[in-house]
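Per-entry structural report
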Amino acid sequence: MKGFFSSALARGLFWQLIGTLVGAGLVTGIRALMGLTATDTFFFTEPAWVLGGFLGVLFFLVGSGVTSDWIKWARGIDTPDHHEDHHTGWDKYANVSLDHKVIGIQYTLVALALISIGGLFALIFRAELAASQLQFLTLDIKLFGQNGPQLYNTLMSLHGMIMIVSILLGISGIINYVVPLLLGAQDMAFPRLNAFSYWIAVPAAVLLLMSLVLGGFDTGWTGYPPLSARAPVGMQMFFLGVFTAGWSSILGSLNVLVTVVRMRSKGMTAMRMPILVWAAIATSLIALTATQLIGLSFQSVMFQRLFGMGFYDAAKGGNPVLFQHLFWFYSHPAVYVFILPGLGVISELLPVFVRKPLFGYRWIAMSSLGIALVGFVVWAHHMFTSGMNEYLRVPFMYSTLLVAVPTGVKFFSWVATLWKGKISTPTPMLFVLGGIIVFLMGGLSGPPNATVSTDLHLHDTYFIVGHFHDTIFGGFVFPFFAAIYYWFPKATGRRMNETLGKIHFWLMTPSFFVLTFGMMYVGLLGMRRRIADYDPALGIDSAHLVLTIAGFLIALSVLIFFYNFFKSIKSGEKAEGNVWNSRSPEWQVPSPMPVHNYEQPFEVVGEPYDYGLKDAGYVKFIEPDKGTHK
Amino acid sequence: MIHFVIVGLLVVVMTVLTYFGLDAAGLADQMHPVAASAQSASIDQLWHWEVMVVSFLFSLIVAPIIYSLIVFRQKKGEMKDGEHMEGNTNLEIGWTVGPLIIVVVFAYLGAYSLGEVRRVDPEALVINVKARQFTWTFEYPEYGIVSEELHLPVDKQVVLKMESADVIHSFWVPEFRLKQDIVPGRVTEYRVTPTLEGNYKVRCTELCGMSHYSMEGPIVVSSQADYDAWIMEQQALAAAAQTPEGQGKLLTVRNGCIGCHSVDGTPMTGPTWFNLAGSEVALADGTTVIADDAFLAESILDPNAKIVAGFQSPSVMPPYALTDEEIANLIAYIKTLK
């Protein structure tokens, strides 16, 4: 515990608190001098909280020490290229490290923490929805300045955004840990920027959680004005949190792209890269170029509130629908940011457990880029009922349906990969297969939302909620778990318990089918999105009860996963060799991986997935005495 | 080859089972709940086609996966690899072009169906809709009627001209299958031809704040004769409501007051008006005040001047531009609520 209080994480959080107080105090002081109201419901006024939140982030970054090398350089002081890591055990993850593997695990741990928080919020409002009428989130309760329905709205909105941030950190975790290993690189191209991308996400998460206690906000994660222009001050913390988290995404994806372009091993041509690298490229291209739009849209509402700039205020000539265009220009491609790495994990792991080459490697690689590209021109399908120009609905219907084509290529190729293989189903493979089927459910429930006339019924109902959860569980959650079970031995030298892993899978998967199919069902019957209570006359009470039970069973399965995860770190079965009998380079050396990865560089001499072909290696390690002319 | 034949049969069987499974759940031939508008016919038709294709595509992927998992399973202790198969360009082209054709066909059908849904009847009856947190108000400009209930004649197209007083709302009647957002600063249009007499509800589908969940309003679709009778009745009521109390009641409907203030004592977002006038009111700051005309007028014009104990501070009540006469009428109406 003593180690924790002196860690970079604890220092950062302490300085974030100081920074928040300094910023808020500054504005409060100035307001007092100017004779304006200095305090408000949540002690500080809104402008004070905003500057406080902003300075809190800056103080965190400086206080945690993640920027100290840059500050030294600016002052003309040299620093060594690599830092020797003197921390051990958990301390390693609470302190600044430049090692991509440590950063990858840091990302993953924070992602898991946020999944737990977001999941807990879901359980609270899922319990409220178990029957019609308000149960415990009633009008009488008062918590953080909110009554029951307001708290419901805040929890529901935060569930959305916290899960989104958790997903962004989760994919960064996988990509950071695995991609340099797959490329044969010593680290990411910019190790300090890499650490910075991770550390800036921590104060961002704190800001998001602050919104809960500062009056919350009732807009959903989409934050549409004019509602978001009049929500409590928690709204501003939400905007600021997302804005800050966006930097993590932008800078992280820049780093991934440069690493892939510059740091591949000898012989690793584009078409000999592991398929997950292609997915990482596609996802990074989107994150690098589209994230700015959600930052911009939220920032403009922030300014509308702070400075009275009427971007979306109809009374001042603003246009509320404009916000939706800006917002969805990121937020639609964002779902491809979430799923492409997961689909990459599926394609990466499938050949290992099928013992057969990945069917149509080039087509799968190109389909990732295809999805990324088409994903940029479909955003307005979220706005079919928004009141935008009517004739725009038809072209956006065509472009949206077009996404089915590259996605279909992936499905067919996966099926062909399974065909005539020698399939084994340890836990990672179960999650891969579960991911395929769940993502298929998500994919097939999509077109009815894409064709405009059916969407006029389905839009903003629980049908969409079910569809969305299918795509994200299939495209991210299942592959994320598969990746953790699969690369856990690489990171720790131990493997997770198979039996518990299988219980996790067999408990989560059926519950999840019930949950999302049930969501679609009640949605068709008239259940709207984002409501704290529903009309008993709809006759969906018993269906909702089943959904709540299914939700809690999923939570139970994830608890089992956590138990397995932490127990296996300490006392899991030793697994230092090539546990999965994989061809991938990281499994050709003992686990866990040393600090600068491979002791000998390798050269790519074959195809990555040539299972079933005798004597066809993928990588060959270069002996040091033969000269490494690199 | 035998594998392909078996899987082919499996796909067919599974497609049929999936389709009839969905049909048994009542989800195949039409969307839910009961269809009550002319527009829903083409929407339900498109949905039906989509369910058929979805059943087929689901089976096309899942059947071979399940078959492979059983037949191509690694036997215990077996360490052999599978067959070395890297890909097949013809197959890849096939499963790119095939879905592309399906996609274009469905996009065409979707556009066609949208055209059907948006078909305009120039004779359509015009009704103005006012949405505000968290109520619906309907105005019949031809008759000078304002109502909290939307009454529609069956088999006649109506066009709703919809405006919002505050944030974005969305007009959805599940039985009509149609939905349209209402955006502050503009008028959006909702065209529907009800075809089935009955009672329905409009349900706000764009998150609009705290009580979004309860923003529902009754809709009555009736025969032309019943509709005409209702219009007459409302006109008579409006004529009779020339008293201050009657005008006050109309104002509460028009301004959506009753979305937050009950007239029968039910607890809602704001204090109830039942037995309010003349009573002693406990305030949040611990003091009490008699609810006389001055207090009521002040509370309408400046909701934050005195916050009633147990209610939110600051108040979420929006500002209203009301004349002195209107305030007096409102107070007169509140006094009748005993």
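Residues numbered from 1 in each chain as written. Chains lettered and ligands numbered in written order. Predicted model: local features only at pLDDT ≥ 70, side-chain atom pairs only at ≥ 80, totals over all residues.

1. Section: the overall build of chain B
Summing up its helical and strand segments, chain B has 7 helices and 12 strands in all. For 338 residues, the compact-globule formula gives about 20 Å, and the C-alpha radius of gyration of chain B, at 29 Å, lies well above that figure. For chain B, the spread of C-alpha atoms along the three principal axes comes to 90 × 55 × 35 Å. For chain B, the proportion of its 338 residues judged to be buried stands at 36%. (Helix = DSSP H or I, 4+ residues; strand = E, 2+ residues; numbered from the N terminus. Rg over C-alpha atoms; globule rule 2.2 N^0.38 Å. Buried ≥ 20, exposed ≤ 12 C-beta atoms within 10 Å, placed from the backbone.)

2. Digging into the overall build of chain A
Looking only at helices and strands, one finds 21 helices and 6 strands in chain A. For chain A, whose C-alpha radius of gyration is 25 Å, the value lies close to the compact-globule estimate of 25 Å for 630 residues. Counting only C-alpha atoms, chain A reaches 75 × 60 × 45 Å along its principal axes. With 630 residues in all, chain A has 63% of them scored as buried. Long-range contacts, defined here as pairs at least 24 residues apart, represent 80% of the contacts in chain A between residues at least 6 apart. (Contact = placed C-beta atoms within 7 Å.)

3. Quick word on the interface of chain B and chain A
Taken together, the contacts link 72 residues of chain B with 72 residues of chain A. Breaking the side of chain B that touches chain A down by element, the ones donating at least two residues are α2 (39-71), α3 (89-117) and β7 (178-182) of chain B. Looking at side-chain class alone, the side of chain B that touches chain A contains 37 nonpolar, 19 polar and 16 charged residues. (Nonpolar A, V, L, I, M, F, W, Y, C, P; charged D, E, K, R; others polar.)

4. Let's talk about the nonpolar core
Grouped together as the largest cluster of nonpolar side chains are 272 residues, with contacts concentrated most on A:Val165, A:Val277, A:Leu349 and A:Ala482. The element contributing the most residues to this core is helix α7 (residues 148-183) of chain A, with 22 residues. Counting residues in hydrophobic clusters, the runner-up holds 9 residues, among them B:Trp273, B:Leu276, B:Leu296 and B:Ile334. (Core = buried A, V, L, I, M, F, W, Y, C linked by C-beta atoms within 7 Å.)

5. Comments concerning the confidence of the model for chain B
Within chain B, residue pLDDT values average 91, and 100% of them lie at 70 or more. If you check the scores for this complex, the pTM reads 0.91 and the ipTM reads 0.93. (pLDDT = per-residue confidence, 0-100.)

6. Some points on the sheet that holds strand β2 (residues 135-140) of chain B
Paired through backbone hydrogen bonds, the strands of a sheet run either parallel or antiparallel to each other. All names here are of chain B. Ordered in space as β3-β2-β1-β5-β8, the 5 strands form an open sheet in which the pairing is mixed. Edge positions in the sheet fall to β3 (145-147) and β8 (188-192), since each of these pairs with one other strand and no more. The sheet shows a mean angle of 25° between the axes of neighbouring strands, direction not considered. In the sheet, β2 pairs with β3 via 3 bridges, with the strands oriented antiparallel. Looking at the pairing, Phe138 lines up with Ser147 of β3. (Pairing = 2+ DSSP bridges. Axes fitted to C-alpha atoms, helices over the stretch in contact; angles between N-to-C directions.)

7. Describing the sheet that holds strand β6 (residues 169-173) of chain B
All names here are of chain B. Across the sheet, which stays open at both edges, the 5 strands sit in the order β4-β10-β9-β6-β7 with mixed pairing between neighbours. Looking at the sheet topology across the chains shown, the edges are occupied by β4 (150-153) and β7. Within this sheet the neighbouring strands show an average axis-to-axis angle of 25°, counted without direction. Alignment of β4 against strand β10 (residues 216-222), held across 4 bridges, turns out to be parallel. Bridge pairing in β10 places Pro153 opposite Ser222. Relative to β4, helix α4 (residues 224-240) is tilted by about 140°, and along the sheet it contacts β4 and β10.

8. Here's the deal with the domain arrangement of chain A
Residue and element names in this part refer to chain A. Splitting chain A by domain gives domain 1 (7-77 + 91-96) and domain 2 (97-625). Distance between the C-alpha centres of domain 1 and domain 2: 30 Å. Put simply, the parts of the chain that give the side of domain 1 that touches domain 2 at least two residues each are α2 (8-34), α3 (46-64), α4 (68-74) and α5 (91-94). No other element matches the 11 residues that α3 contributes to the side of domain 1 that touches domain 2. A breakdown of the residues in the side of domain 1 that touches domain 2 according to their chemical character gives 12 nonpolar, 8 polar and 3 charged. (Domains from an automatic or database assignment.)

9. Let's talk about the environment of B:Leu322
Among the structural elements, B:Leu322 can be located in the loop between α6 (293-301) and α7 (324-335). For B:Leu322, a count of 16 C-beta atoms within 10 Å gives the class partly exposed.

10. Concerning the packing of helix α16 (residues 427-444) of chain A against helix α19 (residues 462-492) of chain A
Residues and elements named next belong to chain A. At their nearest, the axes of α16 and α19 sit 8 Å apart, and the two run at 170° to each other. As summarised for this structure, α16 and α19 are arranged roughly antiparallel, according to the angle between their axes. Regarding α16 and α19, the two cross each other, and that crossing is left-handed. Seen from α16, the contacting residues are Thr427, Pro428, Phe431, Val432, Gly434, Gly435, Val438, Phe439, Met441 and Gly442; seen from α19, they are His467, Asp470, Thr471, Phe473, Gly474, Gly475, Phe478, Pro479, Phe481, Ala482, Tyr485 and Tyr486. Taken together, the residues of the contact of α16 with α19 break down into 13 nonpolar, 8 polar and 1 charged. (Parallel < 35°, antiparallel > 145°, perpendicular 65-115°, else oblique. Left-handed = near helix turned anticlockwise from the far one by under 90°.)

11. Quick notes on helix α11 (residues 275-307) of chain A
Along an α-helix, a turn takes 3.6 residues, which lines up residues three or four apart on a common side. Residues and elements named next belong to chain A. In this model α11 runs 48 Å from its N-terminal to its C-terminal C-alpha over 33 residues, within 8% of the 48 Å that 1.5 Å per residue would give. A maximum bend of about 35° is found in α11 at Ala290. With 24 of 33 residues buried, α11 lies mostly within the body of the structure. Of the residues one or two after α11, Gly308 is the one with positive phi, at around 70°. (Expected span 1.5 Å × (residues − 1). Bend = angle between axes of the 7 residues up to and from the residue.)

12. Re the packing of helix α12 (residues 320-354) of chain A against helix α15 (residues 404-418) of chain A
Residues and elements named next belong to chain A. At a minimum axis distance of 10 Å, the contact between α12 and α15 shows a crossing angle of 15°. For the element pair α12 / α15, the angle class is roughly parallel. Relative to α15, the crossing made by α12 is left-handed. Taken together, the residues of α15 that come into contact with α12 (itself represented by Leu343, Ile346, Leu350, Pro351 and Val354) are Lys410, Trp414, Thr417 and Leu418.

13. Remarks on the pairing of strand β5 (residues 158-164) of chain B
In summary, the side chains of a regular strand alternate between the two faces of the sheet. Residues and elements named next belong to chain B. Taken together, the 7 bridges between strand β1 (residues 125-132) and β5 define a ladder with parallel strand orientation. Bridge pairing in β5 links Ile127 to Leu160. Where β5 and β8 come together, 5 bridges link them in antiparallel fashion. Pairing of Met162 across the sheet is with Thr188, part of β8.

14. Brief notes about the environment of A:Thr385
Mapping A:Thr385 onto the fold places it in the loop between α13 (361-374) and α14 (393-402). Owing to 24 C-beta atoms within 10 Å, A:Thr385 belongs among the buried residues under this scheme. When the C-alpha positions of A:Thr385 and A:Met235 are compared, they lie 25 Å apart, and in sequence the two are 150 residues distant. Apart from residues no more than four positions distant in its own chain, A:Thr385 is found in contact with A:Leu456, A:His459, B:Ser170, B:Lys179, B:Gln180 and B:Asp181.

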